[in-house]
Amino acid sequence: RASRTIPFISKVTGVPMVKLGVNAMLGKGLAEQGYDGGLWKKQDVVAVKAPVFSMSKLVGVDTYLGPEMKSTGEVMGIDHEFRPAVTKALLAAGLMLPPQGSVLLSIADRNKPESMPLVATLAEAGYRLYATAGTAKMIKEMGLDVTVASKCLGDNPSVLGLILDGSVAAVVNTVTGDRETLQDGFDIRRAAAEKRIP
């Protein structure tokens, strides 16, 4: 953890922790290096760390996040307020949505209720919505326009076709425990990772 956390904290505080640590190991105390003990004063900044997932480089790996390490790096967003700090971090990680375009949604039944505000926000922002059949049914029930995307590659539009031809700017996919659906989700997430679509 130190290889990632110490540089992050050093940037936020302005304290060169690696240099101080090396000097301390060489016998030079903090006071000798110009630092007192105790807590560092609170900074007037918010710092956000965002993971960088180089899934396109990890062939055959499902992008579904579990307890194992899949992040190959991290980026930092720093500002005086939370929202701009998060925005900077997402931009740097390549996870920002473009200001317009289409979004593909395939949401597990258990996540549908909590996804409704996200779907409404995407629609209000002017994104065109594509969805798998079950998710499209929920979106229609919300009174929003949606185009149903088939899971069969030969159909038009198809889930994988939309991803592979670059028709969608982002993919929202949540995982179910169902084996067939899990494989569908893997194919969706894998295609999005390979096309570098958030």
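The coordinates are above.
Residues numbered from 1 in each chain as written. Predicted model: local features only at pLDDT ≥ 70, side-chain atom pairs only at ≥ 80, totals over all residues. Heavy atoms only, no water.

A.B. asks: Before we move on, can you summarise the overall build of the protein with the specific residues and values?
C.D. replies: From N to C terminus, the protein includes seven helices and six strands. The order of helices and strands in the protein, counted from the N terminus, is α-α-β-β-α-β-α-β-α-β-α-β-α. Among the 198 residues that make up the protein, the fraction classed as buried is 34%. Counted over contacts in the protein with a minimum sequence separation of 6, partners at least 24 positions apart contribute 59%. Of the roughly 12200 Å² of accessible surface on the protein, a fraction of 58% belongs to carbon and sulfur atoms. (Helix = DSSP H or I, 4+ residues; strand = E, 2+ residues; numbered from the N terminus. Buried < 20%, exposed > 50% of the residue type's maximum accessible area, 1.4 Å probe, protein only. Contact = heavy atoms within 4.5 Å. Areas by Shrake-Rupley, 256 points an atom, 1.4 Å probe, with all protein chains shown as cover.)

A.B. asks: Tell me about the sheet that holds strand β5 (residues 147–148), and name the residues and values.
C.D. replies: Pairing is parallel in the open sheet, where four strands are placed in the order β5-β4-β3-β6. Since the sheet does not close on itself, it has two edges, and those belong to β5 and β6 (170–173), each with one partner. Strand direction decides the pairing type here: strand β4 (residues 128–131) and β5, joined by two bridges, are parallel. Looking at the pairing, Tyr130 lines up with Thr147 of β5. (Pairing = 2+ DSSP bridges.)

A.B. asks: Please provide a residue-by-residue account of the pattern of salt bridges, values included.
C.D. replies: This model, assessed by the stated rule, comprises four salt bridges. Note that Lys49 is salt-bridged to Glu74, the shortest N-O span being 3.7 Å. Taken together, the residues span a long stretch of sequence, with Lys49 in strand β1 (residues 46–52) and Glu74 in strand β2 (residues 73–79) at a distance of 25 residues. Residue class for Lys49 comes out partly exposed when judged on its relative accessible area of 30%. The class of Glu74 is partly exposed, set by a relative accessible area of 30%. Here Asp79 makes a salt bridge to Lys88, at a shortest N to O gap of 2.7 Å. (Salt bridge = Lys/Arg side-chain N within 4 Å of Asp/Glu carboxyl O.)

A.B. asks: For the packing of helix α4 (residues 112–124) against helix α5 (residues 133–141), give the residues involved together with the corresponding values.
C.D. replies: Closest axis-to-axis distance for the α4/α5 pair is 11 Å, and the angle between their directions is 65 degrees. Seen along the crossing, α4 lies across α5 with a hand that is right-handed. Residue-level inspection shows Lys112, Ser115, Met116 and Val119 of α4 in contact with α5, the latter providing Gly134, Thr135, Met138 and Ile139. Of the residues contributing to the contact of α4 with α5, the split by class is four nonpolar, three polar and one charged. (Axes fitted to C-alpha atoms, helices over the stretch in contact; angles between N-to-C directions. Left-handed = near helix turned anticlockwise from the far one by under 90°. Nonpolar A, V, L, I, M, F, W, Y, C, P; charged D, E, K, R; others polar.)

A.B. asks: Tell me what's going on with the environment of Ser102, and back it up with residues and numbers.
C.D. replies: Mapped onto the elements of the fold, Ser102 is located in strand β3 (residues 102–106). The class for Ser102 is buried, based on a relative accessible area of 10%. Considering only alpha carbons, one finds Ser102 and Leu122, 20 residues apart in sequence, at a separation of 9.2 Å. For Ser102, the contacting residues outside a window of four places in its chain are Tyr127, Arg128, Tyr130, Ser167, Val168, Ala169 and Ala170.

A.B. asks: Give me the nonpolar core: which residues, what numbers.
C.D. replies: Formed by 13 residues in total, the largest nonpolar core has its most connected members in Leu105, Val119, Leu129 and Ile139. Secondary structure elements with two or more residues in this core: β3, α4, β4 and α5. If you tally residues by element for this core, the top one is α5, at three residues. Excluding residues within four positions of it along the chain, Leu105 makes contact with Val119, Leu122, Leu129, Tyr130, Ala131, Thr132, Thr135, Ile139 and Val172. One finds Leu104, Val168, Ala191 and Ile197 within the second-largest nonpolar core, a separate group that totals 12 residues. (Core = buried A, V, L, I, M, F, W, Y, C linked by side-chain atoms within 4.5 Å.)

A.B. asks: Tell me about α5, and please be specific about residues and values.
C.D. replies: Helical geometry note: an α-helix holds 3.6 residues per turn, so side chains three or four residues apart project in the same direction. Within the span of α5, buried status applies to Thr135, Ala136, Met138 and Ile139. Buried positions in α5, seen along its axis, are confined to an arc of 160 degrees and lie on one side of it. Turned more than 90 degrees away from the buried face of α5 sit Ala133, Lys137 and Glu141, all of them exposed. Looking at the buried side of α5, the elements it contacts are β3, α4, β4 and β5. Looking one or two residues past α5, Gly143 carries a phi angle of roughly 80 degrees, positive in sign. (Arc of directions from axis to C-beta.)

Everything listed is a geometric property; what it means functionally is a separate question.
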